Amino acid sequence: MQFENSREFAQKLDQQDPLGSYRDQFIFPKVNNKQVIYFTGNSLGLQPKVTSKYIDEVMNDWAALAVEGHFYADKPWWDYHERLAKPLSKIVGAKTSEITVMNTLTVNLHLLMVSFYRPKGKRYKIICEEKAFPSDQYMLQSQVRFHGYDPDDAIVEIKKRKGEHNFRIEDILSTISSVGETCALVLIGGVNYYTGQVFDIKTITKAGHEIGAFVGWDLAHGAGNVQLELHDWNVDFAAWCSYKYMNSGPGNASGCYIHERFHNKKDIPRFEGWWGTEKESRFLMKPEFTPMSNADAWQLSNASILSLAPYLASLELFDEVGMETLIQKRNLIVAYLEYILHKIDAEVDSTFEIITPSIQRERGTQLSVFLHGEGKRLFDYLMKNGVITDWREPNVIRLAPAPFYCSFEDMYDFGQILKQGIKNKN
Ligand SMILES: *Cc1c(COP(=O)(O)O)cnc(C)c1O
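Residues numbered from 1 in each chain as written. Predicted model: local features only at pLDDT ≥ 70, side-chain atom pairs only at ≥ 80, totals over all residues. Heavy atoms only, no water.

1. Considering the sheet that holds strand β12 (residues 254-258)
The seven strands lie next to each other as β6-β12-β11-β10-β9-β7-β8, forming an open sheet whose pairing is mixed. Two strands bound the open sheet, and with one partner strand each, they are β6 (99-102) and β8 (155-158). Strand-to-strand twist of the sheet, defined as the mean angle between neighbouring strand axes without regard to direction, takes the value 20°. Relative to β12, β6 is paired through four bridges, and the arrangement is antiparallel. Residue pairing for β12: I99 is matched across the bridge by Y257. Along the sheet, helix α9 (residues 201-210) makes contact with β9 (183-189) and β10 (214-218), crossing β10 at roughly 150°. (Pairing = 2+ DSSP bridges. Helix = DSSP H or I, 4+ residues; strand = E, 2+ residues; numbered from the N terminus. Axes fitted to C-alpha atoms, helices over the stretch in contact; angles between N-to-C directions. Contact = heavy atoms within 4.5 Å.)

2. Here's the deal with the site of the ligand
Close to the ligand lie L105, T106, F133, D136, D218, A220, H221, Y243 and K244. At a separation of 2.6 Å, an oxygen atom of the ligand approaches a polar side-chain atom of T106. Side-chain polar atom of D136 to a nitrogen atom of the ligand: 2.8 Å apart, as the coordinates give it. Coverage of the ligand by the protein chains reaches 83% of its 390 Å² of free accessible surface. Across the shell around the ligand, the residue classes break down as four nonpolar, two polar and three charged. (Near = heavy atom within 4 Å. Polar contact = N/O pair within 3.5 Å; in protein donor to acceptor, adjacent residues only side chain to side chain. Areas by Shrake-Rupley, 256 points an atom, 1.4 Å probe, with all protein chains shown as cover. Nonpolar A, V, L, I, M, F, W, Y, C, P; charged D, E, K, R; others polar.)

3. As for the environment of T100
Residue placement: T100 occurs in strand β6. For the pair T100 and T51, spaced 49 residues apart in sequence, the C-alpha separation works out to 21 Å. In this structure T100 touches S254, G255, C256, A295, D296 and Q299, once residues within four positions along its chain are discounted. Reaching out from T100, the side chain makes a polar contact with the side chain of D296 at a distance of 2.7 Å.

4. Concerning the pattern of salt bridges
In the structure shown here, the tally under the stated rule is 21 salt bridges. The shortest N-O distance in the salt bridge between D413 and R7 comes to 2.7 Å. Of this pair, D413 sits in helix α13 (residues 408-425) while R7 sits in helix α1 (residues 7-15), and the two are 406 residues apart along the sequence. The exposure class of D413 is buried, given its relative accessible area of 17%. Take R7: its relative accessible area is 30%, and that puts it in the partly exposed class. E82 is paired through a salt bridge with K279; the nearest N and O atoms lie 2.8 Å apart. Taken as a pair, E82 in helix α4 (residues 82-92) and K279 in the loop between β12 and α10 (305-321) lie far apart in primary sequence, 197 residues in all. Residue classification places E82 among the partly exposed positions, given a relative accessible area of 29%. Via salt bridges that share partners, R7, E409 and D413 belong to a single interconnected network. (Salt bridge = Lys/Arg side-chain N within 4 Å of Asp/Glu carboxyl O. Buried < 20%, exposed > 50% of the residue type's maximum accessible area, 1.4 Å probe, protein only.)

5. Observations regarding the nonpolar core
Formed by 107 residues in total, the largest nonpolar core has its most connected members in Y80, W217, W240, Y336, L341 and F414. Considering each element in turn, this core owes the most residues, 13 residues, to helix α11 (residues 323-348). Formed jointly, this core draws a minimum of three residues from each of two domains, domain 1 (7-49 + 322-425) and domain 2 (53-321). If sequence neighbours within four positions are ignored, Y336 has contacts with F3, E4, N5, S6, F9, A10, L13, F408, M411 and Y412. Of all hydrophobic cores here, the second largest spans 31 residues; its members include M102, C128, A184 and L187. (Core = buried A, V, L, I, M, F, W, Y, C linked by side-chain atoms within 4.5 Å. Domains from an automatic or database assignment.)

6. Notes on the packing of helix α5 (residues 105-116) against helix α6 (residues 134-146)
Remark: α5 packs on α6, axes separated minimally by 10 Å, with the N-to-C direction vectors making an angle of 30°. Taken together, α5 and α6 sit at an angle that is classed as roughly parallel. Relative to α6, the crossing made by α5 is right-handed. Judged by residue contacts, T106, L109, H110 and M113 of α5 engage S135, D136, M139, L140, S142 and Q143 from α6. Residue classes in the contact of α5 with α6 are distributed as four nonpolar, five polar and one charged. (Parallel < 35°, antiparallel > 145°, perpendicular 65-115°, else oblique. Left-handed = near helix turned anticlockwise from the far one by under 90°.)

7. Here's the deal with the domain arrangement of the protein chain
Here the protein chain is described as being made up of domain 1 (7-49 + 322-425) and domain 2 (53-321). Distance between the C-alpha centres of domain 1 and domain 2: 29 Å. Tallying the contact residues gives 37 residues for domain 1 and 25 residues for domain 2. Contact between domain 1 and domain 2 buries roughly 2,600 Å² in total, counting both sides, with carbon and sulfur atoms accounting for 57%. Interface area lost by domain 1 to domain 2 is led by M323, I355 and F404, which between them contribute 20%. Inspection of the region where domain 1 meets domain 2 yields zero salt bridges. (Buried area = accessible area lost by both parts, 1.4 Å probe.)

Here is the structure:
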């Protein structure tokens, strides 16, 4: 498509947008009494208007039924979490039985490592990407130390080449094959939080399996953003948070995927709790643990219904729309944003560098922009003028036009504000 940097053109794209009406179903903060241009759906997605209804329902059932709500609420609490598995299975490409929702992301990755990081003999190393999200680094280091190893020895980081912003698949594969039989686990962020690079999950998973390692993925930036086929790609396990592209509220519950070949396997250990036991006999309070025959076996506690409610509200919107439509709009709006950035860059003789891959299959919703010669001043200007973005040292802004609620006109307006912000300095 031949893009134009004009309001009319952007409005035309909005009129043709099958998701256009969804913008109205989200609540936007305001700056200067105007709805913001929201680029941080990769960090905390906007609140759907319908969400408070789902929370009120739980509050009302609690008030009216108290403990009886476990069985007699409109959506009974004892198996409330099961309602999330089906829509999530479509989003991540899994069987319903392979999905469970519990806890939060870092907690879940630790719990999954109980099952999938069991170093033994010479096989004890973990392969991850360099500069992984800090929580992932802390998690891996503490797991390795917990098992008595030295992180400097046991954690092998896949490196970028000097002067390059993204990982190359050939370097990832050669690291995996060189660590070989000393590797116990490959655990990578499926979409890099800093650059927005999307990894080739299928190919990397296969390479990890070829050296006899387990392969898991942190999909914090992947779920609800990119096409995933976790089951078909033979991924062993994955976890993600629900508050980024999934619009479920700050710090909310995490989803987990565990491939069905590990269900009901006595040689796969896990930490257990009563919500992982077979639900028919759960309330008989028997001393022995009889696991659920699906991913729910990994659950520990009775579910936090007040956090599942907003997640369910959001998933019903995803289900209505489908990932395919979201991804189509995503591709178009990201391409349009990229075009606007190049246009403005040329007009103001600036030197932005988009460090996100330009190839569509290697990126999702996020464009990360290196502001050479610009700094925090420009970022502050954008924020003051209603462009909500985020800043990452040394001078990168991340722009994620979430397809659910961002408009093409937002992209045009952003370009104008950006131009003004740069000119103000000159
Ligand atoms: C956002 C994010 C997290 C956050 O973890 P929480 O446990 O939900 O606080 C972890 N890992 C990655 C890669 C992230 O992007």
